[in-house]
Amino acid sequence: MSKCVSLPGITNVSYIAYDDLPDDVVYRSVAGIPISLEVVPDEITMKGEAVCEVEQSFDNNSHIEKAKLTFLSLDDVPTYNHPAFVIKTVNGETYLIGSKERPYPTVKITSSTGQPDGDTSVRKFEVSFTAKKALALCTE
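In this text the structure is predicted, and so the values were computed from the model without any measurement.

Next up on the list: the overall build of the chain. A count of helices and strands for the chain gives one helix and 11 strands. Helices and strands in the chain line up, N terminus first, as β-β-α-β-β-β-β-β-β-β-β-β. In the chain, which comprises 140 residues, the share counted as buried stands at 37%. Total accessible area on the chain stands at roughly 8200 Å², and carbon and sulfur atoms take up 47% of it.

Dropping the structure here:
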């Protein structure tokens, strides 16, 4: 049995290199301990709205979460350093998708050309992360 949770409106998406994250993000999150980021994440300029969905399921006698973040941007996000993504919601909460340890989030980037009437070309980012707790609450 699985259930899907969708976050309220996302106001900001940013990224941070995996080696700038604290240790054991997933285990701290499972224990209910908010994650404290020591480095300021790099903000991503979004085109349109971002969507984050979390699917919770029970598999192999344990709970598993899969977070999927989708957004459009003109920015270049360096995926070679296994970035983790930080999202802020309209209620002022901050969440982290990713961890310092494997497995890292997978990032799929789809580029498209603009429309002839003047629309700009954008990149569609689809970030997926599966762990015991894929969406970790952060403190400011």
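After presenting the structure, the write-up continues.
In this section: the sheet that holds strand β4 (residues 42-44). Pairing in this open sheet of six strands is mixed, and the strands run β3-β11-β8-β7-β2-β4 from one edge to the other. Each edge of the sheet is formed by a strand with only one pairing partner; in this case those strands are β3 (35-36) and β4. Bridge analysis of strand β2 (residues 10-16) against strand β7 (residues 84-89) gives six bridges, and the strand direction is antiparallel. Residue pairing across strands places I10 opposite T89, the latter belonging to β7.

A few words now on the side chain of E65. In this fold, E65 is placed in strand β6 (residues 62-73). Judged by its relative accessible area of 7%, E65 falls in the buried class. A distance of 3.3 Å separates a polar atom in the side chain of E65 from a polar atom in the side chain of Q56. When residues no more than four places from it in sequence are discounted, the contact partners of E65 are V54, E55, Q56, F129, T130, A131, K132, K133, A134 and L135.

Within β7, five of the six residues are buried, which leaves it mostly tucked inside the rest of the structure. Relative to strand β8 (residues 94-97), β7 is paired through four bridges, and the arrangement is antiparallel. Bridging across to β8, I87 finds its partner in Y95. Where β7 hands over to β8, the hairpin turn is made up of four residues, of which G92 adopts a positive phi near 85°.

To continue, consider the pattern of salt bridges. Under the defined criterion, the tally for this structure stands at four salt bridges. Note that D23 is salt-bridged to K100, the shortest N-O span being 3.4 Å. On the criterion of sequence distance, the pair formed by D23 in the loop between β2 and α1 (25-30) and K100 in the loop between β8 and β9 (106-112) is long-range, its members being 77 residues apart. D23 gets classed as partly exposed once you look at its relative accessible area, which sits at 41%. The exposure class assigned to K100 is partly exposed, which follows from its relative accessible area of 27%. Within this structure, K68, K124 and E126 form a network of salt bridges that share partners.

Bringing the pairing of strand β11 (residues 136-139) into the picture now. The alternating pattern of β11 places A136 and C138 on a buried face, while none of L137 and T139, on the opposite face, is buried. Where β3 and β11 come together, two bridges link them in parallel fashion. Bridged to S36 within β11 is T139. Here β8 pairs with β11 via three bridges, running antiparallel. Across the sheet, residue T94 finds its bridge partner in β11, namely C138.

Rules behind the numbers
- Residues numbered from 1 in each chain as written.
- Predicted model: local features only at pLDDT ≥ 70, side-chain atom pairs only at ≥ 80, totals over all residues.
- Heavy atoms only, no water.
- Helix = DSSP H or I, 4+ residues; strand = E, 2+ residues; numbered from the N terminus.
- Buried < 20%, exposed > 50% of the residue type's maximum accessible area, 1.4 Å probe, protein only.
- Areas by Shrake-Rupley, 256 points an atom, 1.4 Å probe, with all protein chains shown as cover.
- Pairing = 2+ DSSP bridges.
- Polar contact = N/O pair within 3.5 Å; in protein donor to acceptor, adjacent residues only side chain to side chain.
- Contact = heavy atoms within 4.5 Å.
- Salt bridge = Lys/Arg side-chain N within 4 Å of Asp/Glu carboxyl O.

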